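Each chain, written out:
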Amino acid sequence: MKGILESTSHGLYCVPGDFHIDPHLPVKRAVVTHAHSDHARWGCKKYLATQSCERLLRLRMSPDAEFRFFPYGETLIVNGVRISFHPAGHILGSAQIRLEYGGHVVLITGDYKLGSDPTCASWEPIRCHSMISESTFGLPIYRWPSQEAVFDSINRWWRECRDEGKCCLLYGYAIGKSQRLLAGLDPSIGKIYCHGAVEKGNDAYRLSGVTLPETTYVGSIRQKYDWRGSLVVAVPSVHGTPWVKKFGRCSTAMASGWMAVRGTRRRRSVDRGFVLSDHVDWPSLLQAIEACTPETVWLTHGYTAPVARYLIENGRDAKVLDLRGRNEGDEDATDEDIEQTTGEIPTT
Ligand SMILES: [Zn+2]
Ligand SMILES: [Zn+2]
């Protein structure tokens, strides 16, 4: 990437700017795409991120870390490198990072998705010479249904469970996925409760100006309670633990891009699977690359080699970007991973 970026043991490093992007180990200066723990690592000295990321980042980081927040689209020059953040459409405050140095533009997409999401700013195409894109769901089998259809089926499931006198347990990642789920629920069906980690995320979203339906923290209900007809949004890690016993007769469901694969739902032993992802699917990955017109695409996460091969066969220069220093088990551990727990956020 014309001497602008290199892959180091701590993650992507901007050589002339002397800063890391989404480092996987603590560094002096970290420019972060968003607040998920696989991107914004604990323990860096200084963080640079978008303004709308502030509440979520402060929720997770040490109070003595130094932060600098920037609005989308504004340019900051560090050692001659022009840095700007642009909406990634992934979660609240998520950004693509544009770096310009010596006339060469590099775009780091971070996690991103196309299309609208009422809980965050929509992805914008940025023209660049080099594009570093994630490819978590980079296979043609991954095609997301319309989110209207997904929310219709989630609300239908809730209504049916209510009529059968059951409680609904809906699992999603605490930050981002849960709030997107909440924004799509029909609160006229019943009351909505949230797991502690989800409720903390809700607070950060509301304080950032995102409208969510009314929710109640599960832990605030002390006495014996009738949960029939309610919907509880919780992190996947509580599935099958004593925490869920109190809800009585339940129907369980998971919302994740992985639900597009037959068999995943059964393996996770949930009753329903809803295909809802905050990452690009196959068609939108190709659409994003077209729109950003890169000379070279660098692929990280997931199906890097098959995507690179496909792009090359279709006349585009593409390479796999080997992010050195990522831990073994980390390789596929995106926020979309249904195994992932809640990071540093207390889970009670
Ligand atoms: Zn993420
Ligand atoms: Zn991620």
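Computed from a predicted model, the values in this text were never measured in an experiment.

**Let's talk about the overall build of the chain**
Right, so step 1: The helix and strand inventory of the chain stands at seven helices and 19 strands.
Right, so step 2: Against the compact-globule benchmark of 20 Å for 348 residues, the chain has a radius of gyration of 20 Å, which places it among compact chains.
Right, so step 3: Over its C-alpha atoms, taken along the principal directions, the chain stretches across nearly 65 × 50 × 35 Å.
Right, so step 4: In the chain, which comprises 348 residues, the proportion classed as buried is 47%.
Right, so step 5: The contacts in the chain between residues at least 6 apart in sequence include a share of 59% that link residues at least 24 apart.

**Structural notes on the environment of Gly93**
Right, so step 1: Position of Gly93 relative to the elements: it lies in the loop between strand E8 (81-87) and strand E9 (95-101).
Right, so step 2: Sequence separation between Gly93 and Ala291 is 198 residues; the distance between their C-alpha atoms is 22 Å.
Right, so step 3: The residues contacting Gly93, other than those within four sequence positions of it, are His34, Ala35, Ala49, Thr50, Ser52, Cys53 and Leu56.

**A look at the domain arrangement of the chain**
Right, so step 1: Taken domain by domain, the chain comprises domain 1 (5-142 + 278-330) and domain 2 (147-274).
Right, so step 2: For domain 1 and domain 2, the distance between their C-alpha centres works out to 29 Å.
Right, so step 3: In the side of domain 1 that touches domain 2, the residues fall into nine nonpolar, five polar and three charged.

**Comments concerning the pairing of strand E2 (residues 11-14)**
Right, so step 1: Here strand E1 (residues 5-8) runs beside E2; their pairing, made up of four bridges, is antiparallel. Following the sheet pairing, Ser7 is matched in E2 by Leu12.
Right, so step 2: Counting the residues that bridge the hairpin from E1 to E2 gives two residues.
Right, so step 3: Both E2 and strand E3 (residues 19-21) contribute to a ladder of three bridges, which runs antiparallel. The residue of E3 that forms the bridge with Leu12 is Ile21.

**Some points on the pairing of strand E10 (residues 104-108)**
Right, so step 1: By the criterion of burial, E10 is predominantly enclosed, with four of the five residues buried.
Right, so step 2: Strand direction decides the pairing type here: E9 and E10, joined by five bridges, are antiparallel. Directly across from Glu100, in E10, lies its bridge partner Val105.
Right, so step 3: Adjacent in sequence and paired antiparallel, E9 and E10 are bridged by two residues, among which Gly102 carries a positive phi angle near 55°.

**Digging into helix H2 (residues 147-163)**
Right, so step 1: The first and last C-alpha atoms of H2 sit 24 Å apart over 17 residues, in line with the 24 Å expected at 1.5 Å per residue.
Right, so step 2: Three or more residues of H2 are buried, namely Ile154, Trp158 and Cys161. Buried positions in H2, seen along its axis, are confined to an arc of 70° and lie on one side of it. Turned more than 90 degrees from where H2 packs its buried face, Glu148, Ala149, Arg156, Glu160 and Asp163 sit exposed.
Right, so step 3: Buried residues along H2 sit against strand E12 (167-171), helix H3 (177-184), strand E15 (231-234), strand E16 (250-255) and strand E17 (272-274).
Right, so step 4: Trailing H2 by a residue or two, Gly165 shows a phi angle of about 75°, which is positive.

**A few points about the nonpolar core**
Right, so step 1: The biggest cluster of nonpolar side chains holds 96 residues, and the ones touching the most others in it are Val106, Leu107, Leu170, Tyr171, Val232 and Val233.
Right, so step 2: Viewed by domain, this core spans two of them, domain 1 (5-142 + 278-330) and domain 2 (147-274), each represented by three or more residues.

**Considering unusual backbone geometry**
Right, so step 1: In the Ramachandran plot, Thr293 falls in the positive-phi region, its phi being about 45° despite a non-glycine side chain.
Right, so step 2: Looking at where Thr293 falls in the secondary structure, it is placed in the loop between helix H6 (282-292) and strand E18 (296-302).
Right, so step 3: Under the C-beta neighbour-count criterion, Thr293 is labelled partly exposed, with 13 such atoms within 10 Å.
Right, so step 4: In this model, His301 sits at a positive phi of 65°, which is unusual for a non-glycine residue.
Right, so step 5: Summarising the element assignment, His301 is placed in strand E18.
Right, so step 6: A residue is classified by how many C-beta atoms lie within 10 Å of it, and His301, with 22 of them, is buried.

**Thoughts on the packing of H3 against helix H4 (residues 196-207)**
Right, so step 1: Packing of H3 against H4 brings their axes to within 9 Å, and their N-to-C directions diverge by 75°. As the angle between them shows, H3 and H4 are arranged roughly perpendicular. Of the residues in H4, those touching H3 at Ser178, Gln179 and Leu182 are Val198, Gly201, Asn202 and Tyr205.
Right, so step 2: Of the residues that constitute the contact of H3 with H4, the class distribution is three nonpolar, four polar and no charged.

**Considering the sheet that holds strand E6 (residues 66-70)**
Right, so step 1: Taken together, six strands build an open sheet; the order of strands is E1-E2-E3-E4-E5-E6 and the sheet is mixed. Strands with a single pairing partner mark the edges of an open sheet, and in this sheet they are E1 and E6. Each strand axis lies, on average, 30° off the axis of its neighbour in the sheet, ignoring direction.

**Digging into the confidence of the model for the chain**
Regions with low pLDDT should not have their predicted coordinates read in detail.
Right, so step 1: Counting all residues, the mean pLDDT for the chain is 91, and 92% of those residues have values of 70 or more.
Right, so step 2: In the model, residues 327-334 has pLDDT below 50 throughout and makes eight contacts with residues more than four positions away in sequence or in other chains.
Right, so step 3: Throughout residues 337-348 the model reports pLDDT below 50, and contacts reaching past four residues in sequence, or to other chains, amount to 32 contacts.

The rules behind each value
Residues numbered from 1 in each chain as written. Chains lettered and ligands numbered in written order. Predicted model: local features only at pLDDT ≥ 70, side-chain atom pairs only at ≥ 80, totals over all residues. Helix = DSSP H or I, 4+ residues; strand = E, 2+ residues; numbered from the N terminus. Rg over C-alpha atoms; globule rule 2.2 N^0.38 Å. Buried ≥ 20, exposed ≤ 12 C-beta atoms within 10 Å, placed from the backbone. Contact = placed C-beta atoms within 7 Å. Domains from an automatic or database assignment. Nonpolar A, V, L, I, M, F, W, Y, C, P; charged D, E, K, R; others polar. Pairing = 2+ DSSP bridges. Expected span 1.5 Å × (residues − 1). Arc of directions from axis to C-beta. Core = buried A, V, L, I, M, F, W, Y, C linked by C-beta atoms within 7 Å. Axes fitted to C-alpha atoms, helices over the stretch in contact; angles between N-to-C directions. Parallel < 35°, antiparallel > 145°, perpendicular 65-115°, else oblique. pLDDT = per-residue confidence, 0-100.

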